[in-house]
Each structure stands twice: as C-alpha cells, then as structure tokens.
Amino acid sequence: MIRKQYAILILLVMLLGSFQLQAQNGSVKGQIINSMNNQPVPFAAVQVKNTTIGTSTDEKGYFVLTGIKPGFVKLEVSSLGYQNAESGDIFVSNENIPFVEIKMQPATQNLKEVKISAGIFRQSDIAPVSMQRLSIKQIVDNPGSNRDISRVIQSLPGIGSTPNYRNDVIVRGGGPAESKFYLDGIEIPVLNHFATQGASGGPVGILNADFIQSLNYYASSFPADRGNALSGVFEFFLKEGSHDKNHFQFALGASEAAITSDGPLGKKTSYIFSVRRSYLQFLFSAIGLPFLPTFTDYQLKTKTQFNSKNQLTIISLGSYDQMRINTGIKNPDAAQQYILSQIPVNNQWSYTIGANFKHFTKNGFHTFVLSRSMLYNQLYKYPDNNTSLRKSLDYESKQSENRMRYEFNYLKNGFKVNLSANLDFLKYYNTTTQEVYSNDSSMYNQYETLLKTVGYGFSGQVSKKFMDDRITLSMGIRFDGNNYNSAMSNPLHQVSPRFAVSYRLSEKILLSASMGHYSELPAATTLGFKTNGAYANKTTATYITANHYNLGISYRPSKPVFFQATGFYKAYNDYPIDLLTGSSLANEGANYSSVVGNVPVVFNGKGKAYGFELVNRLNFERFNLIASYTFVRSLFSDLSGEYIPSAWDSKNLLTLTGSQSFQKNWQVGFKWRFVGGLPYTPYDLSKSALIQAWDATGQPYLNYAQLNADRLPSFQQLDLRIDKKYFFKKWSLWLYLDVQNAYNFQYKGQNFVIREKGPDGNYLTTNNNTEYVLKQVPNVSGTVLPTVGIIIGF
C-alpha cells in the first residue's frame, strides 16, 4: 500500500513538472482595525513582507493586494498613532482570495509612528516570559505531526512528549489534566479522538489544521479571565472564510481523508467548514494490529460583521469514534496477546458549539460567550474477548457542560483593563460495573451517578507601561467557586492573584519575572465517583492549587532571531491521591485508559516541578527553526508524604524543528526529539499470577510499593518532510512526503507480561491451578513510518 502511494506521488511530480504553470497572480483582501474598539484604521500602509507590493487602506480600513506570488506570505502594517503590526502567515493561491483582519494597538505615544517588535516574537504584557506563538505555516508544515495540532505543539518549549504516539499535553512536568484549550475564545474540553476522560490525552487530534491561523501558548502567567488551569492555556485562533467566493479543498493522507469549504454567506457573513473520515481500520487490520480505530469529525466557523460595533462568531466541532478489537488475528505474538487481553472496546462521541458576541465601544469592547460541550464515553471488556462471559468492565458516561462568560476590555491613558465573570453548569452521568480483585477474591463494583454542579468565577486584570515603555507591569486576581460542597462554594477560599513585570534593558534585551497562584476544579470523574451509594470524595474535595514562579531573559539581536532563557518553579497543594494505590493522580493518563480519576481519593497531595528552558527561534524568509531545550524535574507526594518522581519526570527534553524553502515551491523540513527516560512502576508478579486477580482485569498488576522506582531508557526520533506545491490558474496542488522515525530508532518500553500457553493452546497453571504461569517479553517498538499526502484546492 505504501509503495503504491510512493509510485503515485512520483508519477504526479513527474507529470506536473512537464506542465507550464499558469500566471501567478494571487490576491489578498482584508481590513485593518483598532484592536480595542474595532474601528477601521484608514490610510494605513500595508505591504507584503520582503516585497515591493503594497497599498493603503481606504476610509473604512479595507485593502486589496494583487500580483502576489502564491505561497505563504506575511503583511506588514504601519499607521500614525499605532504600533506597527505584522500578520501571521497567509496562504495565497490563484484560485482563492483569503480575507484577513489585522488588529493594530493604539500607541502610547500619540501622533508618532511607533516602532515596536511585531509578528511571531512579540511578547505579551501579562505573560512576558511564559508565552510562545505558532503561525499556520509552522503548524501545517510540521514534520512528523501528520497535520495534527496536538503533536505540533510538542515542538514548543516545556511541552513533553511520550514515545507511545499519544497526544497527552504535559507542560513543565505537570499532569495531563492541567491545561485548558480555547477556540476563538470558546473553551473546548475534548481535544483528541478516543479522549482520556478526566485528562487531555488521546491518539489523534480533533482540530483540523486547515482551520487554524495561529496559536498562543501560555506555560504560566495565565490571563485572569482563563480560569481552571494549573500548567497551560492554549488559545487557537481560526481563519476567516473568503469574502469573495466559495473555495474547496480536498486532502488525502495515510490515515484519513478530509474536505474543507469556505466562502461568503451573504454580504456580512463568512464560513469555513470541514469533515474528516479515517480509514485506519483497514491499514491496521492489514498489518495485524490488535485494535481497529475509526474516527469521523467535523468543524465549523461562521463570522458575521453586523457593523463596526457588533460581530458574532459561531464555532462548532464534533467527533464520532469507534474502537473495535481485532480478534481475527491468528497465532498472535506476545505484543498482540498483551494488548488483546487488556484493551476494551471504546465508543465515543463529542461536540462543542459556542457563540462569541463582541460589542465595541469608544475605548474597549464587551464580550459575551455562550457554549455547550458534551462527551459520551462507552467502554466494555469481555474476559479474553469471549462474549459468552460476563463483562469484566461495563462503563457508560455522559458529561455535558454549559458555559457563560462575560468580559469587558478597556484601554484608557495607557491602562489595559480586563474584567470577567463566568457561570458553568456541569451534568455528569455515569454507570459502571467493574470486576476488581480485593482481599484475595474478585468482586463486582457497581454504581450509578447523576451529578449536577454549578461553578462560578470572576476576575480582573490591569496592565500598564511606564518609563517610555521600558517597564511593563501586569496585575490580576481571580475568584472561583463551585456548589459541589461547602468548602468549594465560597470564592474567597479560591483566590488566585498573579503579577508580571518586564524591564527592557535595550531594544534587544528584555528581563521578565512573574508569579501567580492558580486553582483547578477536580475532574468530574473524581467528583462523581461513588462507593456504597454515596459520593466517596464529596466531604474532602477541594480545588487543586499551584504556585508559579518564573524568571527570564529575552534577547533579539535582529528581527528574525530570538533567544530566551527561563527558570520556573511550580509548587502544588491539595492534589488528589488515589487511596487504592497511594499514587498521585498527576501520574495518571500515561496509558491508553479512556478514563482517569474515577477512584476514591484524599486531597492532601503535594507536588513540585522545576527547571529551566532555553529557546532559539529563527524566522527568516526561507528558513525557520525552533530549537528548545527543557530541563525539568517533576515530583509528587504519595500517601506517606514522600516526594516521588512522577510519570512525567523526563528530566531532559530537546526538540529541533526546522524547515527550508527552495525555488519552485519546494520545501524540506525536519524535527528531532530527545526525551529523557520516564519513570515507571514495576509489576507485582506474585499478585498478577493469581488466576482470580488476572481474570478480573486481563492484565498484570503494578507494585505500588515501588511507585515509579524504575526508569525507562531515553527516547529519540527524527522526522523528515518534503513538500511540493503547484499553483495553476483555477486550482492548486500540494504534495508532501512525511517520514516518521527516519533512522528507525528502537525504543524499549516496560516489558509485556503474558500468560504462557501449552501445546494444546490452553493457558498453563501452577500451584494447584490457582496461578497462571507468566512470562515477561521485551517490549521493543519503532518502525519507519512514511506518509504520503495530497491536498487539492479549487
């Protein structure tokens, strides 16, 4: 199958190379507006970066640029009384005219053309030391990511990755449940297909890379209006549909097919819509993998500009996932036996729909956000996949969240003010029947939950520049509460102050520091867990908290070159600890479990994550590089209070991601990752061998008396990518070859433990038929994984 893809790709390149391409005459339309009041900026100078193509906006701030060479371009904008602005990457082709909206910030020095760094390296007032940006070009061209935004972000500093091809978001040693994600200001709780409920992981991202214009990533110094996060906040900004005509794009990759459409819906509304469908089940079945996943998703954005003072953005995305067990494998090997014995059937669907309405005033704007999200999650497992037996796991859950948020942003006399209030309604239904082994016997735990809670919060933040913009101060405070129990209902018990300061030593050097106290509501799976008909965690539950301390220095010797060094320290309190295992829930989410947190816990855990980051970013016209190194230690306490390395304590993270563009629309990219060896907990082979114990779960048990006592070897991987784009008069073609693990690195994970079989195919037993005969099998993975992609626009 892969050879056929190669042959098709080579044939296409040879055939198309013989054609004379049509005249290259791309165009861009857009509007330049004041970032605070949405008023047009008339007579601003707009120029295509590194070219002589330019124009001026009309009295309504609109502009049209023509004669642009197709490909990715950036626009530079300047106007009296405003800070210079630079757009993100814009993809220009002959068959489509993109519409871009560029926001300019009013200058603090009136009637002067203020020359302040713009573009991808500009730094935030509220997070001068802990925020990074990515553009659309860095997202869609990222090698080894297969256009999956959940993997693209692993190129950023402080974000860990794992060698098992999962998309867990691990920021500076925190757990995978500690980050929040927003699309155009609307929170999306489910980021991945086959999502891990109660965390952020999953094997494949839901977001369509073709929608994303840019990304802001906060590793600390979170905006006060973005609550309920302990480690990271990710703000995705979506593209706007064309205002001229309908445009279509078809994409075919190794794992899925997608179609995207954008265009106008009347004079005031534009849209962009996509649908994707995977065909992984056919490939996995052909190569003998023990699980067969299928996923479908959609994504939608509309934007209506009623007038200069009122606009409405509606977004929606959803997924439908099915994971079947490939029981048709004949004579499965050890790895296949291990996976077949434990992985459950998993059916999921999810959606988010939200509206973001903005009303602009003279010096600011009001924002009203209303959204609804829902996740349906079903898991079940038959012992040894024998459907004639009683299920050892039967789990069904429905989790819905209705959110309302109001924000007011105001600029006056150089003070930037943000005020917000939010109201969140959670409804969590769960019915669980699970076989467990306890006190030398197996039993079934059964419970049903219908949990309804109301969360609320409000915040304020103010930022101001002083001493001719050399010093920037930002202060914020947030209050949160929830009616789950009396301890959490009082917002004064969850006060989250934050402070950031930066001092510009020169035009090239910036010193920054920040500190803050953040809180997060425990997962619904933990709040809704029941034993003996009662909520097991209700009396002790409290918000999880973290104190952040950051110190950094940035150096920008020239416009396309950026260096940054940052030291960080995070101190956690009130982290839930699993009473059954003694392990902090911060360790959970590392495997392919689709639910974490549904256990009895005690909220007295502590944790600390500390280290430093070194970042070098180059953003030349044809060459782009992100080089990041993170040293991080991550430790969380157990029931005895002893600090133990967490499952994310990789110590060393090194990522190099670069791309080089050539003539005739060729591009070559690479990504090399090094991840230090992660801790793991060894097996309790004595308990695992017991027939009753094994049959209850279908897998070996961990020895939590030696929690994370062993450490795996380090992991490394080189991914390569080659892109070639063709631009014709009425259509375009984009071909790419992506090769993951190019030098076939072999990674050794924790050994598989399986039951031995006799010559008759039955499992061997010992000790009067009370124990299985177990054996450990090396777990070595790694293969060269090529992907051929075709994208057609028309």
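Residues numbered from 1 in each chain as written. Predicted model: local features only at pLDDT ≥ 70, side-chain atom pairs only at ≥ 80, totals over all residues. Heavy atoms only, no water.

This part is about the side chain of Gln 494. Looking at where Gln 494 falls in the secondary structure, it is placed in the loop between α6 (486–489) and β30 (495–504). At 2.7 Å, the side chain of Gln 494 and the backbone oxygen of Asp 480 are in polar contact. Side-chain polar atoms of Gln 494 contact the backbone oxygen of Asn 490, separated by 3.2 Å. Once residues within four sequence positions are removed from consideration, Gln 494 is found in contact with Arg 478, Phe 479, Asp 480, Gly 481, Ala 487, Met 488, Ser 519 and Tyr 543. (Helix = DSSP H or I, 4+ residues; strand = E, 2+ residues; numbered from the N terminus. Polar contact = N/O pair within 3.5 Å; in protein donor to acceptor, adjacent residues only side chain to side chain. Contact = heavy atoms within 4.5 Å.)

What follows covers the pattern of salt bridges. Pairing between side chains of opposite charge can happen when the charged atoms of each approach one another. One pass over the structure, following the stated rule, counts 26 salt bridges. When the shortest N-O distance is used, the salt bridge between Asp 384 and Arg 755 registers 2.6 Å. Of the two residues, Asp 384 is situated in the loop between β25 (364–381) and β26 (393–412) and Arg 755 in strand β45 (residues 747–755); the sequence distance between them amounts to 371 residues. What makes Arg 755 buried here is its relative accessible area of 5%. For Arg 405, the salt bridge identified is with Glu 407, shortest N-O distance 2.7 Å. Looking at Glu 407, the relative accessible area reads 6%, which means it is buried. One salt-bridge network, in which partners are shared between bridges, spans Asp 225, Arg 226, Glu 235, Arg 405 and Glu 407. (Salt bridge = Lys/Arg side-chain N within 4 Å of Asp/Glu carboxyl O. Buried < 20%, exposed > 50% of the residue type's maximum accessible area, 1.4 Å probe, protein only.)

All told, the structure shown has 31 aromatic pairs when counted by the stated rule. Taking 4.4 Å as the distance between ring centres and 10 degrees as the angle between the ring planes, the aromatic pair formed by Phe 728 and Trp 731 counts as stacked. Of the aromatic side chains, those joined through ring pairs into one cluster are Phe 72, Phe 91, Phe 727 and Trp 734. Cation over ring: Arg 390 sits above Tyr 444, and NZ or CZ is 3.6 Å from the ring centre. Between the NZ or CZ atom of Lys 725 and the centre of the ring of Trp 734, over which it lies, the distance is 4.4 Å. (Phe/Tyr/Trp six-rings, centres within 6.5 Å; stacked < 30°, edge-to-face > 60°. Lys NZ or Arg CZ within 6 Å of the ring centre and 35° of its normal.)

So, on to the environment of Tyr 382. Within the element layout of this structure, Tyr 382 appears in the loop between β25 and β26. Separated by 41 residues in the primary sequence, Tyr 382 and Ser 341 have C-alpha atoms spaced 9.2 Å apart. Those residues in contact with Tyr 382 that sit more than four places away from it in its chain are Thr 387, Leu 389, Arg 390, Lys 391 and Ser 392.

Let us now look at the confidence of the model for the chain. The predicted model of the chain averages 89 in pLDDT, with 94% of residues at 70 or higher. The spread of mean pLDDT over the elements of the chain runs between helix α1 (residues 2–17), the lowest at 53, and strand β38 (residues 643–645), the highest at 97. Segment residues 110–118 is flagged for pLDDT under 50; beyond a separation of four residues in sequence, or across chains, it makes 22 contacts in the model. (pLDDT = per-residue confidence, 0-100.)

Here the focus is empty space enclosed by the protein. Inspection of the entire model under this criterion finds 13 cavities of 30 Å³ or more. Space inside the second largest cavity adds up to approximately 140 Å³. Looking at the lining of the second largest cavity, the elements that each hand over two or more residues are β19 (247–252) and β20 (256–264). (1 Å grid on protein atoms, 1.4 Å probe; cavity = no way out; pocket = protein on both sides within 12 Å on 5 of 7 lines; lining within 4 Å. Points joined across faces, edges and corners; volume = space filled by probe spheres on them.)

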